[in-house]
Amino acid sequence: MPRLLIPVESLPGETRVAATPDTVKKFVSFGCSVAVERGAGAASGYLDDAYAAQGAELVAPGDGSAWGQADVLLCVQTPTAEALARLRQGALVVGLLAPYANGDLSHALQRGGLSAMALELLPRISRAQSADALSSQANIAGYKSVLLASAALDRYFPMLMTAAGTVQPAKVVILGAGVAGLQAVATARRLGAVVYVSDIRPAVKEQVESLGARFIEPPELEDKPSESGGYAKQASDAFLAAQRQQLSDQLAEADVAICTAQVPGRRAPRLISEDMLDRMRPGAVVVDLAVAQGGNCAETVPDQTVDRKGVKLIAGNDLPCTVPNHASALYARNLVALLEPTLKDGALSLDTEDELVAGCLIAQDGTIRRGDVLTPGAN
């Protein structure tokens, strides 16, 4: 039977875990044996006894025998090269592996003769929705970004009628109407804010308005970007310049800006310039979810809150790690949905003709299949 291993995450600050007791029960019902490193789920509220009660074997963190026997390693983020070297040849690694231009990962997979599935590359088609980890985690990031902004803002979010007079609602501008942006819209609206949304894709207008927000129409240029495979396509410099000019007046009146615009494998587009920040009022808040990819907003710094002339610039990287219980639960279900079709008759079988598998299988038995992603330009 396939043997799965759930490790303690090694990246500092990573509080999520790749399996919960519920998904361990699922994998056991599929005919798998599951080993969980002790303490793997502690930071997200899942205790060792709960895993054991569902049939998991508890092993010591870094146990060489457990790693050497594993057929599948389920992780949230890429383990260290030293950890990957413990796996037997032919083992499968599944997780958010940060594959873009990741030469170190490529070398580790080749040296170890490993297979790997990077969830970032899962095709965004309807059949893949239940396995779409980027969406499940982006939902959490969008939700938490609004809570951070509301806690840092010097005003109420909703309109209030009080004996001392009427308090006007906060104005929130959200840049990007992807999964994170739409969840931010929904959350800000629940809190009573007036919400405006800017996105380079005119097609998202209907979604934005269905949530009660107001769509800022993109600039009228011939090279309007759209999307490809469910992801926003890179916009031209001319389009982005026109959009920034349009945003400047909106941001001058805004209390909160939530930045969510990202393009896979590329530096995040810079949408809020220093000049725009100069026009924002003291006390306003910017939350930048793209800060780890270079940032949509000037002067944001990963893992920090910067006070810039009274405007608070909040780094929004790793927000799912601040909601680790639900983030882990959703992520673990994504992994079950992805792997269930590959677990047949008590064996693991990867069908490379399946577009879900083919899209995210970056390496197979040490052979790199997605060199265009891992080592772009190498050939």
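Scroll up to find the structure.
## Describing the pairing of strand 16 (residues 305-308)
Both faces of the sheet carry side chains from a regular strand, because those side chains alternate between them.
Link 1 in the chain: Alternating positions in strand 16 separate cleanly, Val306 and Arg308 being buried on one face and Thr305 and Asp307 remaining unburied on the opposite face.
Link 2 in the chain: As paired elements, strand 16 and strand 17 (residues 311-315) share 4 bridges and run antiparallel to each other. Note that in strand 17 the partner of arginine 308 across the bridge is valine 311.
Link 3 in the chain: Hairpin geometry of strand 16 and strand 17 is characterised by an intervening segment of 2 residues between the two adjacent antiparallel strands and by a positive phi of about 50° at lysine 309.

## Regarding the pattern of salt bridges
A pair can form between side chains of opposite charge whenever their charged atoms are brought close.
Link 1 in the chain: The tally for this structure, following the rule as stated, stands at 16 salt bridges.
Link 2 in the chain: Residue aspartate 132 is joined to arginine 124 by a salt bridge in which the shortest nitrogen-to-oxygen separation is 3.3 Å.
Link 3 in the chain: Classification of aspartate 132 as buried rests on a relative accessible area of 10%.
Link 4 in the chain: Classification of arginine 124 as partly exposed rests on a relative accessible area of 27%.
Link 5 in the chain: Put simply, arginine 155 and aspartate 255 hold a salt bridge, and the shortest N to O gap is 3.2 Å. Taken together, the residues arginine 155 in the loop between helix 6 (133-152) and strand 7 (160-162) and aspartate 255 in the loop between helix 9 (237-252) and strand 14 (256-259) connect sequence positions 100 residues apart.
Link 6 in the chain: Three or more residues are tied together by salt bridges with common partners; here these are Asp154, Arg155, Asp255 and Arg281.

About the criteria used
Residues numbered from 1 in each chain as written. Predicted model: local features only at pLDDT ≥ 70, side-chain atom pairs only at ≥ 80, totals over all residues. Heavy atoms only, no water. Buried < 20%, exposed > 50% of the residue type's maximum accessible area, 1.4 Å probe, protein only. Helix = DSSP H or I, 4+ residues; strand = E, 2+ residues; numbered from the N terminus. Pairing = 2+ DSSP bridges. Salt bridge = Lys/Arg side-chain N within 4 Å of Asp/Glu carboxyl O.

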